[in-house]
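# Notes for the structure review
This is what each chain is made of:
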Amino acid sequence: MYMAKGAGKGRYQLFDAQMHDNMVGRSALKADLALAVEAGQLRLEYQPVADLRTGEVLGVEALVRWQHPTLGLLPPGEFIGLSEETGDIEAIGCWVLETAVRQLARWRATMEHCDSLWVAVNLSLYQLPNPHSLAAIKRILSDPAVQSENVVLEVTESALAADVDGGIASLNSLKVLGVRLAVDDFGTGFSSLSTLASLPVDILKIDRAFVSGHASGPRSVPVLDAILVLADKLSLAVIAEGIEEREQLDLLRRLGCSTGQGYFLARPAPAPVIEALMASGGLLDVTEPAGLKPL
Ligand code: C2E
Ligand code: CA
Ligand code: CA
């Protein structure tokens, strides 16, 4: 309508998606983002992380979505970067952490098969430089209802490599509270191995590019194998991400990777879906295909 009016009287203009994108624009989204937490527009989905041999759900990764009043449900890729620019990541990050750990506490208290369930929360290093934001994170993790050893904080390898505003020092101060630390998207962020050796990391999350073989073509399997050896030497746990196909699951198991997540096992889903999964035994289907040699 605005385009038609702008072109003069008595005109019409066909709608197209590009026009819509331009209209909404980043600045409008920024303004909306400032209100999203208070307006209760954020949602969490949880993706199960499972034992690749037994299918047992060991933990869940919390993934944020934004129920925008006019644009619908937006994935994090459309607003997390923006929120890091505006500073809204601090409020968003605290909301995600608090919601996820409360949910975990509720599941552990009220449901079977959840006694050792853990929750992983993605942390942006842009949340950490502000002392108020860091203090809020510490407050959430120090709540006696939260068993911090069942909380995993995931930081991307590229953020660690850049060490945004000395965020690594703050990470050390969070580690003291008993949480586990995971390097997300491992293998894609150019972090030096010396950084890895010196960080208090517990878990490597192997980026899905290696799992799907897209990262390094014919060499992706040896690279995957080498990452598993590296993790073993450093006594780090490993989670393979983005398992989309039966063959990828079988390969990971043959290479000795014991834990993973991906659409083949389970997609991210709202809390009630996870509840139903746990209530039915907390097992995903990883049955061996006929003819697979014993590991
Ligand atoms: P991530 O931490 O690497 O999360 C995994 C992403 O891969 C999720 O996308 C998930 O839905 C998707 N995924 C899971 N299994 C598969 C699979 O088998 N194949 C493929 N192709 N994708 C799979 P999502 O939810 O869109 O999140 C994208 C990124 O946004 C996350 O990547 C994470 O970096 C960031 N993010 C999500 N939630 C938060 C949050 O609360 N805080 C911060 N700072 N970042 C977040
Ligand atoms: Ca993650
Ligand atoms: Ca990842």
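Just above, that's the structure.
No experiment lies behind these values; they were computed from the predicted model shown.

Attention shifts here to the site of ligand 1. Neighbouring ligand 1 are 20 residues, the closest being Gln47, Arg65, Asp184, Glu244 and Tyr263. Between ligand 1 and Asp184 there is a distance of 2.9 Å, counted from an oxygen atom to a side-chain nitrogen or oxygen. Within the residue set of the shell around ligand 1, elements represented by two or more residues are strand S2 (57-68) and strand S6 (180-186). Among the elements that make up the shell around ligand 1, the one with the highest residue count is S2 (four residues).

Listing the buried residues of helix H7 (residues 167-175) in full gives Gly167, Ile168, Ser170, Leu171, Leu174 and Lys175. Axial view of H7: buried residues confined to an arc of 155 degrees, hence all on one face. Those residues of H7 hidden inside the fold are in contact with helix H5 (131-142), strand S5 (151-156), helix H6 (157-162) and S6.

Distances from the calcium ion (ligand 3) to its protein donors, Asp184 (OD), Asp185 (OD), Glu241 (OE) and Glu241 (OE), fall at 2.2 to 2.4 Å. The distance between the calcium ion (ligand 3) and the calcium ion (ligand 2) comes to 4.2 Å, and Asp184 binds to both of them. Of the two residues, Asp184 is situated in strand S6 and Glu241 in the loop between strand S8 (237-240) and helix H11 (246-254); the sequence distance between them amounts to 57 residues. There is no split in this pair, since Asp184 and Glu241 are both buried.

Packing of helix H4 (residues 89-110) against H5 leaves a shortest axis separation of 10 Å and a crossing angle of 5 degrees. Here H4 is positioned roughly parallel relative to H5, judged by the angle of their axes. Every residue of H5 that contacts H4 at Glu90, Cys94, Leu97, Glu98 and Val101 is listed here: Ser133, Ala136, Ile137, Ile140 and Leu141. In terms of residue class, the contact of H4 with H5 is built from seven nonpolar, one polar and two charged.

Turning our eyes to something else, we now look at the coordination of the calcium ion (ligand 2). The textbook angles at a metal center are 109.5 degrees for a tetrahedron of four donors and 90 or 180 degrees for an octahedron of six. With distances of 2.1 to 2.3 Å, the protein atoms coordinating the calcium ion (ligand 2) are Glu61 (OE), Asn122 (OD1), Glu154 (OE) and Asp184 (OD). Between consecutive donor residues of the calcium ion (ligand 2), the sequence gaps follow E-x60-N-x31-E-x29-D. Looking at Glu154, the relative accessible area reads 2%, which means it is buried.

Backbone geometry places Asp185, a non-glycine residue, at a positive phi of 55 degrees. Here Asp185 shows up in strand S6. With a relative accessible area of 25%, Asp185 lands in the partly exposed category. The phi torsion at Ser235 lies on the positive side, around 55 degrees, for a residue other than glycine. Mapped onto the elements of the fold, Ser235 is located in the loop between helix H10 (220-233) and S8. The exposed category is assigned to Ser235, whose relative accessible area is 64%.

It is worth spelling out the nonpolar core at this point. Of all hydrophobic cores here, the largest spans 76 residues; its most connected members are Tyr46, Leu97, Trp107, Leu153, Leu171, Leu174 and Leu204. Per-element accounting of this core gives the leading share, eight residues, to H4. Not counting residues up to four positions away in its chain, the partners in contact with Leu204 are Val183, Phe186, Leu196, Ile227, Ala231, Leu236, Ala237, Val238 and Ile239. Ala120, Val152, Ala182 and Ile203 belong to the second-largest nonpolar core, a separate cluster that totals seven residues.

Another point: the packing of H5 against H7. Running from amino to carboxyl end, H5 crosses H7 at an angle of 20 degrees, the nearest separation of the two axes being 11 Å. Comparing the axis directions of H5 and H7 gives the class roughly parallel. Crossing hand, H5 versus H7: right-handed. For the pair H5 and H7, contact is made by Leu134, Ile137, Lys138 and Leu141 and by Ser170, Ser173 and Leu174, respectively.

Let's shift gears to H11. When H11 is considered as a whole, its buried residues turn out to be Gln248, Leu249, Asp250, Leu252 and Arg253. Against the buried residues of H11 lie helix H9 (208-212), H10 and S8.

Attention now goes to the environment of Leu74. Structurally, the position occupied by Leu74 is in strand S3 (residues 72-74). Sequence-wise, Leu74 and Arg43 are 31 residues apart; in three dimensions their C-alpha atoms are separated by 10.0 Å. Apart from residues lying up to four places away in sequence, Leu74 is in contact with Leu29, Arg65, Trp66, His68 and Phe79.

How two aromatic rings sit relative to each other is given by the distance of their centres and the angle of their planes. Within this structure, the stated rule accounts for two aromatic pairs. Residues Tyr46 and Trp107 carry aromatic rings whose centres are separated by 5.2 Å and whose planes lie at 70 degrees to one another, so their mutual orientation is edge-to-face. Taken together, the residues Tyr46 in strand S1 (residues 42-51) and Trp107 in helix H4 connect sequence positions 61 residues apart. In this structure Tyr46 comes out as buried when scored by relative accessible area, which is 3%. Residue classification places Trp107 among the buried residues on the basis of a relative accessible area of 2%.

Conventions and cut-offs
- Residues numbered from 1 in each chain as written.
- Chains lettered and ligands numbered in written order.
- Predicted model: local features only at pLDDT ≥ 70, side-chain atom pairs only at ≥ 80, totals over all residues.
- Heavy atoms only, no water.
- Near = heavy atom within 4 Å.
- Polar contact = N/O pair within 3.5 Å; in protein donor to acceptor, adjacent residues only side chain to side chain.
- Helix = DSSP H or I, 4+ residues; strand = E, 2+ residues; numbered from the N terminus.
- Buried < 20%, exposed > 50% of the residue type's maximum accessible area, 1.4 Å probe, protein only.
- Arc of directions from axis to C-beta.
- Contact = heavy atoms within 4.5 Å.
- Donors = N, O, S within 2.8 Å, 3.2 Å for Na, K, Ca; no water.
- Axes fitted to C-alpha atoms, helices over the stretch in contact; angles between N-to-C directions.
- Parallel < 35°, antiparallel > 145°, perpendicular 65-115°, else oblique.
- Nonpolar A, V, L, I, M, F, W, Y, C, P; charged D, E, K, R; others polar.
- Core = buried A, V, L, I, M, F, W, Y, C linked by side-chain atoms within 4.5 Å.
- Left-handed = near helix turned anticlockwise from the far one by under 90°.
- Phe/Tyr/Trp six-rings, centres within 6.5 Å; stacked < 30°, edge-to-face > 60°.

So yeah, pure geometry; function would need other evidence.
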